[in-house]
Amino acid sequence: MNKTDLIEHISKHADISKAAAGRALEAVMSGVRTTLKKGGTVTLVGFGTFAVSKRAARTGRNPRTGAAIKIKAAKLPKFRPGKALKDALN
């Protein structure tokens, strides 16, 4: 399912227009993005939790030359599924 399919799904199940569903989806994604940028977490009970994790700087290897390269530290988004979502899949 891609973003367009998700907008269609929201539109049908919430009985709203596709334009309104698109705006609602954008608002949710924007809220999650903004909260994660600030270092917070977003918890949707029954669905899961979005959080930020930090990856330390490390040394890697260039696969072509074998030369050592430095890889910068980075912040990564993580998603931890909730119990209800896990139960729905199993």
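Relevant structure appears above.
Analysis parameters
- Residues numbered from 1 in each chain as written.
- Predicted model: local features only at pLDDT ≥ 70, side-chain atom pairs only at ≥ 80, totals over all residues.
- Heavy atoms only, no water.
- Helix = DSSP H or I, 4+ residues; strand = E, 2+ residues; numbered from the N terminus.
- Rg over C-alpha atoms; globule rule 2.2 N^0.38 Å.
- Buried < 20%, exposed > 50% of the residue type's maximum accessible area, 1.4 Å probe, protein only.
- Contact = heavy atoms within 4.5 Å.
- Areas by Shrake-Rupley, 256 points an atom, 1.4 Å probe, with all protein chains shown as cover.
- Lys, Arg positive; Asp, Glu negative; His and termini not counted.
- Charge placed at Lys NZ, Arg CZ, Asp CG, Glu CD.
- 1 Å grid on protein atoms, 1.4 Å probe; cavity = no way out; pocket = protein on both sides within 12 Å on 5 of 7 lines; lining within 4 Å.
- Points joined across faces, edges and corners; volume = space filled by probe spheres on them.
- Nonpolar A, V, L, I, M, F, W, Y, C, P; charged D, E, K, R; others polar.
- Salt bridge = Lys/Arg side-chain N within 4 Å of Asp/Glu carboxyl O.
- Expected span 1.5 Å × (residues − 1).
- Polar contact = N/O pair within 3.5 Å; in protein donor to acceptor, adjacent residues only side chain to side chain.
- Patch = residues over 30% accessible without salt bridge, like charges linked within 9 Å, V, L, I, M, F, W, Y side chains within 5 Å.

Here the focus is the overall build of the chain. Counting secondary structure elements, the chain contains three helices and five strands. Along the chain direction, N to C, the helices and strands of the chain fall in the order α-α-β-β-β-β-β-α. The globule rule puts the C-alpha radius of gyration for 90 residues at 12 Å, and the 19 Å found for the chain is more than 25% above it. Expressed along its principal axes, the backbone C-alpha trace of the chain runs to roughly 55 × 30 × 30 Å. Per-residue burial over the chain gives 14% buried out of 90 residues. In the chain, 27% of the contacts between residues at least 6 apart in sequence involve partners at least 24 apart. Carbon and sulfur atoms make up 58% of the accessible area of the chain, which totals about 7,200 Å². Charged side chains in the chain number 19 positive and 5 negative. The centres of these two groups are separated by 21 Å.

Space inside the largest pocket adds up to approximately 210 Å³. Broken down by element, the lining of the largest pocket gets its largest block of residues, five residues, from helix α2 (residues 18-37). Tallied by class, residues from the lining of the largest pocket come to eight nonpolar, no polar and one charged.

Here we take up the pattern of salt bridges. With the rule as written, the count across this model stands at three salt bridges. Across the pair Glu-8 and Lys-18 runs a salt bridge whose closest N-O atoms are separated by 3.8 Å. With a gap of 10 residues between them, Glu-8 in helix α1 (residues 3-14) and Lys-18 in helix α2 connect regions that are remote in the sequence. On the basis of relative accessible area, Glu-8 is assigned to the partly exposed category, the value being 31%.

So, on to the side chain of Thr-49. Topologically, Thr-49 is positioned in strand β2 (residues 48-55). With residues near it in sequence (within four places) discarded, Thr-49 still touches Thr-41, Val-42, Thr-43, Lys-78, Phe-79 and Arg-80.

With that settled, the discussion passes to α1. Counting along an α-helix, one turn takes 3.6 residues, and residues three or four places apart therefore face a common direction. Under the 1.5 Å per step criterion, the end-to-end length of α1 is 16 Å for 12 residues, consistent within 8% with the ideal 16 Å. Two or three places before Thr-4, at the start of α1, stands the capping residue Asn-2, its side-chain oxygen 3.2 Å from that residue's backbone nitrogen.

Turning next to a nonpolar patch on the surface. Taken together, the side chains of Leu-44, Phe-47 and Phe-79 define a hydrophobic patch exposed on the protein surface, amounting to about 260 Å² of accessible area. With respect to the helices and strands, the residue Leu-44 is situated in strand β1 (residues 42-44). Classification of Leu-44 by relative accessible area gives partly exposed; the value is 38%.

Relative to the elements of secondary structure, Ser-11 occurs in helix α1. Judged by relative accessible area, Ser-11 falls into the buried class, the value being 11%. A polar side-chain atom of Ser-11 sits 2.7 Å from the main-chain carbonyl oxygen of Ile-16. Here Ser-11 is in contact with Ile-16, Ser-17, Lys-18 and Ala-21, once residues within four sequence places are set aside.

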